[in-house]
2 protein chains.
Amino acid sequence: MHIILLSGGSGKRLWPLSNDIRSKQFIKIFKTPEGDYESMVQRVYRQIRKADPEASVTIAAPKAQISAIHNQLGQNVGISVEPCRRDTFPAIVLAAAYLHDMQGVGEEEAVVVCPVDPYVEDGYFQALKELGNQARLGEANLVLMGIEPTYPSEKYGYILPTGPEQTSFVSAFKEKPDAKTAAAYIARGALWNGGVFACKVGYLLKHARERFGFADYQRLYESYDSLPKISFDYAVVEKEPKIQVRRFYGAWKDIGTWNTLSEAMEENTVGNAILNDTCRNVHVLNELSVPVVCMGLENVVVSASPEGILVSDKGQSSYLKPIVDRIDQQVMFAEKSWGSYRVLDVGEESLTIKVTLNPGSRMNYHSHSRRDEVWTVVSGEGSAILDGVRREVKPGEVLTMEAGCRHTVIAATELRIIEVQLGREINVSDKQKHPMPEV
Amino acid sequence: MHIILLSGGSGKRLWPLSNDIRSKQFIKIFKTPEGDYESMVQRVYRQIRKADPEASVTIAAPKAQISAIHNQLGQNVGISVEPCRRDTFPAIVLAAAYLHDMQGVGEEEAVVVCPVDPYVEDGYFQALKELGNQARLGEANLVLMGIEPTYPSEKYGYILPTGPEQTSFVSAFKEKPDAKTAAAYIARGALWNGGVFACKVGYLLKHARERFGFADYQRLYESYDSLPKISFDYAVVEKEPKIQVRRFYGAWKDIGTWNTLSEAMEENTVGNAILNDTCRNVHVLNELSVPVVCMGLENVVVSASPEGILVSDKGQSSYLKPIVDRIDQQVMFAEKSWGSYRVLDVGEESLTIKVTLNPGSRMNYHSHSRRDEVWTVVSGEGSAILDGVRREVKPGEVLTMEAGCRHTVIAATELRIIEVQLGREINVSDKQKHPMPEV
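As a starting point, this report considers the structure included with it. Owing to the predicted nature of the structure, the values given are computational and were not obtained by experimental measurement.

### Structural notes on the nonpolar core
- Counting residues in hydrophobic clusters, the biggest one holds 70 residues, and the most contacted among them are C294, V311 and L357 of chain A together with C294, V311 and L357 of chain B.
- What V311 of chain A contacts, discounting residues up to four positions off in sequence, is V300, V301 and V302 of chain A together with V293, C294, M295, L297, V302 and V311 of chain B.

### Focus on the relation of the copies chain A and chain B
- For the match of chain A to chain B, the screw axis carries a shift of 0.0 Å, the RMSD comes to 0.1 Å, and the turn is 180 degrees. Considering both components of the superposition, the chain copies are consistent with a two-fold axis. Within chain A, L344 of chain A has its C-alpha nearest the rotation axis, a separation of 2.9 Å.
- When the interface residues of chain A are mapped onto chain B, 100% of them again fall at the interface, so both copies present the same face.

### A word on the sheet that holds strand β21 (residues 339-346) of chain A
Residues and elements named next belong to chain A.
- Strand order in the open sheet formed by 6 strands is β20-β21-β22-β29-β24-β27, and the pairing between neighbours is antiparallel. Pairing within the sheet leaves two strands with one partner each, and these edge strands are β20 (333-336) and β27 (398-401). Going from strand to strand, the sheet's axes swing by 20 degrees on average, the running direction of each strand aside.
- Taken strand by strand, helix α2 (residues 66-73) contacts β20 and β21, and its axis lies near 70 degrees from that of β20.

### Here's the deal with a positive patch on the surface
All names here are of chain A.
- Judged by side-chain charge, K63, K336, K431 and K433 come together as a positively charged surface patch.
- Within the secondary structure, K63 sits in the loop between β4 (56-62) and α2.
- Its relative accessible area of 55% is what places K63 among the exposed residues.

### Points about the pattern of salt bridges
- The full count for this structure, using the stated rule, is 39 salt bridges over all chains.
- One salt bridge in this structure joins E38 of chain A and R46 of chain A, with 2.6 Å as the shortest N-O distance.
- In this structure, E414 of chain B and R416 of chain B form a salt bridge, with 3.2 Å as the shortest nitrogen-oxygen distance.
- Residue classification places E414 of chain B among the partly exposed positions, given a relative accessible area of 36%.
- Judged by its relative accessible area of 26%, R416 of chain B falls in the partly exposed class.

### Points about the interface of chain A and chain B
- The interface of chain A with chain B comprises 48 residues on the first partner and 49 residues on the second.
- Together, M295, I309 and V311 of chain A form the three largest contributors to the area buried by chain A at its contact with chain B, with a combined 18%.
- At the junction of chain A with chain B, the criterion picks out 2 salt bridges.
- The partner of D345 of chain B in a salt bridge is K354 of chain A, with the nearest N and O atoms 3.0 Å apart.
- Per element, the largest residue contribution to the side of chain A that touches chain B is 6 residues, and it comes from strand β19 (residues 308-313) of chain A.
- Residues that form the side of chain A that touches chain B fall into these classes: 31 nonpolar, 12 polar and 5 charged.

### Observations concerning helix α6 (residues 201-212) of chain B
Residue and element names in this part refer to chain B.
- End to end, α6 covers 16 Å across 12 residues, agreeing with the expected 16 Å (1.5 Å per residue, within 8%).
- Here α6 has its buried residues at V201, G202, Y203, L204, L205, H207, A208 and F212.
- In this fold, the buried residues of α6 make contact with α3 (88-103), β6 (110-115), β8 (142-147), β11 (191-200), α7 (217-222) and α8 (232-235).
- G213 lies just past α6 and shows a positive phi near 90 degrees.

Rules and cut-offs
Residues numbered from 1 in each chain as written. Chains lettered and ligands numbered in written order. Predicted model: local features only at pLDDT ≥ 70, side-chain atom pairs only at ≥ 80, totals over all residues. Heavy atoms only, no water. Core = buried A, V, L, I, M, F, W, Y, C linked by side-chain atoms within 4.5 Å. Buried < 20%, exposed > 50% of the residue type's maximum accessible area, 1.4 Å probe, protein only. Contact = heavy atoms within 4.5 Å. Least-squares fit on C-alpha atoms with pLDDT ≥ 70 in both. Pairing = 2+ DSSP bridges. Helix = DSSP H or I, 4+ residues; strand = E, 2+ residues; numbered from the N terminus. Axes fitted to C-alpha atoms, helices over the stretch in contact; angles between N-to-C directions. Patch = residues over 30% accessible without salt bridge, like charges linked within 9 Å, V, L, I, M, F, W, Y side chains within 5 Å. Areas by Shrake-Rupley, 256 points an atom, 1.4 Å probe, with all protein chains shown as cover. Salt bridge = Lys/Arg side-chain N within 4 Å of Asp/Glu carboxyl O. Lys, Arg positive; Asp, Glu negative; His and termini not counted. Charge placed at Lys NZ, Arg CZ, Asp CG, Glu CD. Buried area = accessible area lost by both parts, 1.4 Å probe. Nonpolar A, V, L, I, M, F, W, Y, C, P; charged D, E, K, R; others polar. Expected span 1.5 Å × (residues − 1).

See the structure below:
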């Protein structure tokens with residue numbers, strides 16, 4: 001099975017755990033069979049591998065997510081990097097071209113396209129495999145997954161099949177209806193549209209050629225920012241007469257709000273949290289080291305991270321995004337290709353951060369033109385290069401870099417540094433990259 | 001008027017704003033007429049000054065509070081320092097001896113004794129003054145303040161007066177009754193006991209002499225840890241036949257829980273907080289720089305500080321103390337004589353803190369035997385002394401001190417330093433003080 005996982009953008013609906021540069025799919029909140037915590041993307045990847053150890057997985061993701069994907073899934077996963085945001089049609093055809101041109105997948109082979117964040121049982125991935133098999137048969141140009149509705153939801157689009165069979169043709173699509181209309185659809189055998197489909201690779205490339213005039217990976221990648229922002233539904237599905245739908249009966253959750261996320265949590269708390277015995281249906285996700293204490297709450301979710309603190313009635317949590325959109329705040333935590341950083345203190349003309357480098361990783365060789373930096377190594381070992389001079393570093397080592405000083409650090413073990421930035425204009429964009437010197 | 005304010009100990013009932021070394025009376029949560037925020041102790045001190053600009057105020061407080069008291073009330077306030085905790089009788093007679101021996105207050109002069117944390121209108125302090133005047137008359141040995149009850153509370157002790165006059169003798173005391181009994185007391189004219197009384201200084205010294213054999217300040221201070229833990233009610237009030245009570249009719253609040261504290265807040269939020277329009281009767285006190293977002297909550301108080309986060313139904317908040325007693329955690333914020341510090345990061349063999357020195361203040365000249373320190377100055381100016389060598393410091397200055405290095409810093413302006421402590425055994429008790437060198 002070839003599978004493309006669509007990895008969406010910034011997920012403010014799960015603030016403060018997600019933010020502009022950290023999407024919800026990378027937050028580690030689900031308990032693994034071994035008792036560790038894994039993220040949505042790790043859970044889905046593990047489930048795919050279990051259903052089909054031979055599956056080739058490609059993640060269609062924006063540039064900003066590459067570090068997080070490699071940190072969480074390792075170096076071997078395929079990534080179709082979106083140079084900028086261009087909706088689902090460009091993202092899907094770019095990933096298809098990546099499969100075809102970079103991984104040698106033939107035009108007659110089937111590909112399954114699926115969001116990266118469904119919270120589902122293992123059987124779902126078996127169904128994806130069968131979706132791919134169905135697409136390869138070629139009875140239809142597109143094969144959708146139709147999820148058997150459990151209630152007349154107003155949140156989903158509906159697919160009307162021509163008959164009650166496991167696989168049938170699609171007679172119509174209906175956009176998010178009200179509950180009464182939804183119930184009428186369900187009475188006529190309608191299914192939820194979970195945004196999952198399979199088709200042949202060549203079918204996607206043909207559509208790219210028709211709309212853009214080309215379908216080769218290099219050209220799609222290079223001209224990506226000039227492609228139109230257009231959804232796959234609008235560009236392809238609505239115009240396609242030959243579509244089949246395959247029913248899926250199992251549990252399926254779309255984890256887009258704190259309410260649905262907390263339903264998927266196996267335990268009521270993740271992190272340092274204390275609930276007294278008068279709490280009912282309370283979930284706490286605490287990424288801070290200090291405790292969260294909850295008393296006498298009902299149907300409430302509490303989440304704390306370096307970005308902020310949310311306390312919300314579960315039903316209300318779906319209205320979070322517009323509130324968080326108004327918060328204009330420095331990013332307080334980020335994953336990078338070499339590890340992560342966390343802001344510890346924001347001063348008027350200073351910024352103190354904690355930098356954690358993964359073993360064997362290194363920063364770019366870089367300098368800043370408008371700030372000085374002081375590094376104090378607090379744990380681990382490695383070496384630093386300052387203006388071309390290499391030195392070993394260990395806990396207690398202090399490195400001072402005036403503006404203009406070219407510097408990097410290479411971690412032998414996991415390496416932690418307290419970095420104090422000093423200057424009148426401290427800004428993430430003040431960074432000049434230089435070629436790594438031979439020292 | 002001579003007034004002794006009893007400053008109680010650690011207030012875990014207002015965690016996370018109060019902790020083992022930071023009592024509730026020092027938290028700045030009340031809006032001043034000028035729009036700033038002031039603490040309970042600042043509010044009471046300001047109100048006393050307004051009622052009686054000539055009042056001499058002495059605060060009976062444990063050693064750990066001296067820095068906070070001077071930081072908040074200035075250097076001119078009198079402090080009777082309790083070398084250790086010994087309940088109210090030793091604390092009150094120590095303070096009376098301090099007034100008599102150190103401030104030359106005569107035995108015939110009256111003193112008013114009052115908790116440091118009542119949340120009251122200005123008229124209360126006028127009533128205190130009259131309480132002192134009444135005590136000076138000498139009709140009774142003790143004059144209590146009786147607060148006119150507004151409901152049959154089960155939280156307070158009751159005073160039964162002999163008559164309905166403004167000032168009358170006390171016929172009996174009743175400990176916290178149930179609501180029905182309380183209502184019966186109130187029908188008989190009973191008053192709440194707010195823990196406030198006035199008497200002559202000599203009366204307190206006489207009781208000290210009778211019980212301990214001495215009443216001079218120096219000896220009481222030096223033998224304080226051998227004095228019995230005994231309350232003033234038990235030692236004096238219960239045995240005294242000649243007690244008057246003076247009625248007080250105004251608003252009076254005992255701020256001991258989050259519920260009563262939030263009732264006293266003029267605005268629903270202090271600090272960075274966003275409440276959506278479905279919140280009802282929600283109060284937020286946020287000392288962190290990141291936002292607290294509340295949605296769809298009712299009758300809830302949220303408080304966030306470097307120590308932790310509390311989310312509690314207001315009624316439940318009175319059960320907080322036993323929960324917080326179980327939390328065993330490093331102190332994350334403290335006020336010191338020279339300013340304050342805040343823990344930014346706790347590593348396995350490192351601790352990063354932000355130190356803020358007040359203008360003109362200095363640390364002790366000290367060293368540590370089991371940790372190195374690295375200071376990076378991030379704002380302000382001053383000078384540092386390292387092993388007897390003085391140097392000027394300004395933002396960007398880095399000072400490294402190996403274990404054993406004697407050091408201090410003297411702030412010319414407000415001075416902020418990021419301090420990284422490094423070592424296997426980082427402990428506040430690892431501190432050796434040395435005489436300040438002449439450099």
